[in-house]
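# Chain and residue survey
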Amino acid sequence: MNYTEAIDWLENIPISFDSNYDGYELKLVNIAKFLEQLGNPQNDLNLIHVGGTNGKGSTCHIISSILQEHGFNVGLFSSPHMYDFRERIKINSNYIDKDFILEFIKHNKNYITKNNLSFFETSFAIALCYFKKIKPEYVTIEVGLGGRLDATNIINPIISVITNIGFDHKKFLGNNLMEIAKEKAGIIKSGVDIMIGESSNETNQVFETKARELNSNIYYANQKTDNYKTDLNGCYQHKNINTAVSALKKIKSIKLKKKNVVNGIKNVINNTNLIGRWQIVKIQPKVVYDVAHNLDSLELVFNQIKNTKGKIRIVFGTLDKTDQLDCLKIFPKKHEYYFCAPKTKRAMSLNKLCKKAKELKINFSSHSSVKNAYHTAFMNSKNDDTVLVTGSTYLFSEINN
């Protein structure tokens, strides 16, 4: 087995659920047993745990960048990836070594198969073992799905962070914000400080009740918009910046210096190799990649392009999740949409997407592939137009292949 074969095996671990996630089960038993088998690598790390509906990945990367400017090496586990599996596991801006992944899979393939470990559980275990080997001073861990029963919730962090609460993965997390908040609040640990990124009367009581039960100090991020200069595009990033800075201020082992905080925020992309957040990949016409994939995140993206000059053409494809069609209700009617279905069994079919778009009188065209949708949108654009690709991370690798 070589590296390419190892990644192919990893990304095709048999799954037990269908496109509607029927048969999928969130639980901690499997990952707990696997990590015990691996020597519980999570126990040797200073971990920062970041959950929430949107902004988790950006917040993790901002925290990492600020810590790097203070002279620390920082491990980072996030998901999903856009092009390369190794985007998920980094030390500062450097991807995990290919040889480490290959050897890990060689040594643990039989155990993973025998015990039906998922792709995400396996990826998380690889990350923890790699971080144990490299020994960064701090590690930021992004929650995968929910919180309470997410595989990452096996850790005991030095601080927990919940960025915000919105609607996503309703099949698992609940049908209202209170239910979803209860699942997200599952990452609150006994005696560990919790930072809440966005304050809401509806969800604050859930977090405060949980914090009291566990004797944890609860804090709310500074909601003032500080005038930090950043290399991150997207007006929505100021919330993630404030959440990251507010969380770091509560870690007693770190003495923040204003200069290093300013430089960390200014150099997030350079320090961490973050991609896919209002990422401008071409200038004329402007082409933007954004990993927004649910109602709340798409709303932020549409707000971002509200005052953009020229025609807006949006390449959109998505997974077939509960209530995902509701995203189309917020699609601005003045834009042109190029619909496609990514190459995955979990993709929303073109027929389903187009039927809803017709009902809502959205101006769209249907395309047989992601690459065809993108190429058509690009060729139809003038120099001052914008092509936005969004909806699912599966889109980007197909465009670039």
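Our subject is the structure listed above.
Here goes a summary of the coordinates provided. (Residues numbered from 1 in each chain as written. Predicted model: local features only at pLDDT ≥ 70, side-chain atom pairs only at ≥ 80, totals over all residues. Heavy atoms only, no water.)

Burial analysis of strand E5 (residues 138-142) places five of its five residues in the buried class, which makes it a mostly covered element. Alternating residues of E5 divide into Tyr138, Thr140 and Glu142 and Val139 and Ile141, and every residue in both groups is buried. Bridge analysis of strand E1 (residues 47-51) against E5 gives four bridges, and the strand direction is parallel. When the sheet's bridge partners are listed, Leu47 is paired in E5 with Val139. Bridge count for strand E2 (residues 74-77) against E5 is four bridges, and the pairing is parallel. Paired with Val74 across the bridge in E5 is Tyr138. (Buried < 20%, exposed > 50% of the residue type's maximum accessible area, 1.4 Å probe, protein only. Helix = DSSP H or I, 4+ residues; strand = E, 2+ residues; numbered from the N terminus. Pairing = 2+ DSSP bridges.)

Another point: the environment of Thr344. With respect to the helices, strands and loops of the structure, Thr344 is situated in the loop between strand E12 (336-339) and helix H13 (350-359). When the C-alpha atoms of Thr344 and Asn40 are compared, they prove to be 33 Å apart, with 304 residues separating the residues in sequence.

Moving on, we come to the side chain of Glu398. Tracing the sequence through the fold places Glu398 in helix H15 (residues 394-400). No salt bridge is formed by the buried Glu398; its nearest oppositely charged neighbour, Lys343, is found at 4.9 Å. Leaving out residues up to four positions away in the same chain, Glu398 has contacts with Pro342, Lys343, Val370 and Lys371. (Lys, Arg positive; Asp, Glu negative; His and termini not counted. Salt bridge = Lys/Arg side-chain N within 4 Å of Asp/Glu carboxyl O. Contact = heavy atoms within 4.5 Å.)

The strand order E9-E10-E14-E11-E12-E13 describes an open sheet built from six strands, whose pairing is mixed. Each edge of the open sheet carries a strand with a single partner, namely strand E9 (279-282) and strand E13 (364-366). Neighbour to neighbour, the strand axes of the sheet diverge by 25° on average, direction disregarded. Strand direction decides the pairing type here: strand E11 (residues 312-316) and E12, joined by four bridges, are parallel. For Arg313, the partnering residue across the bridge sits in E12 and is Glu336. Against the sheet, H13 touches E11, E12 and E13, its axis set at about 160° to E13. (Axes fitted to C-alpha atoms, helices over the stretch in contact; angles between N-to-C directions.)

Evaluation of the coordinates by the stated rule reveals zero disulfides. Of all cysteine sulfurs, the one in Cys340 lies closest to Cys327, which takes part in no disulfide; the gap is 15 Å. Looking at Cys340, the relative accessible area reads 0%, which means it is buried. (Disulfide = S-S within 2.5 Å.)

It is worth spelling out unusual backbone geometry at this point. Residue Pro80 follows Ser79 across a cis peptide bond; omega there is -5°. Put simply, Gln284 and Pro285 share a cis peptide bond, and its omega is -10°. In the Ramachandran plot, Lys361 falls in the positive-phi region, its phi being about 55° despite a non-glycine side chain. Topologically, Lys361 is positioned in the loop between H13 and E13.

Attention now goes to the packing of helix H1 (residues 3-11) against helix H4 (residues 98-114). H4 packs onto H1 with a crossing angle of 45° between their chain directions and a minimal axis gap of 9 Å. Judged by the inter-axis angle, H1 sits oblique to H4. The chirality of how H1 crosses H4 is left-handed. Within the contact between the two elements, H1 uses Tyr3, Ala6, Ile7, Trp9 and Leu10 and H4 uses Lys98, Ile101, Leu102, Ile105, Lys109, Ile112 and Thr113. (Parallel < 35°, antiparallel > 145°, perpendicular 65-115°, else oblique. Left-handed = near helix turned anticlockwise from the far one by under 90°.)

Along helix H12 (residues 295-304), the residues that are buried comprise Ser297, Leu298, Val301 and Phe302. Axial view of H12: buried residues confined to an arc of 140°, hence all on one face. (Arc of directions from axis to C-beta.)

We now examine the packing of aromatic side chains. Under the definition given, this model contains 16 aromatic pairs. Taking 5.1 Å as the distance between ring centres and 80° as the angle between the ring planes, the aromatic pair formed by Phe72 and Tyr138 counts as edge-to-face. In this pair, Phe72 sits in the loop between helix H3 (56-69) and E2 while Tyr138 sits in strand E5, placing the two residues 66 residues apart along the sequence. Here Phe72 falls in the partly exposed class, since its relative accessible area comes to 22%. For Tyr138, a relative accessible area of 6% translates into the label buried. (Phe/Tyr/Trp six-rings, centres within 6.5 Å; stacked < 30°, edge-to-face > 60°.)

Without other data, these values stay purely geometric and don't point to any function.
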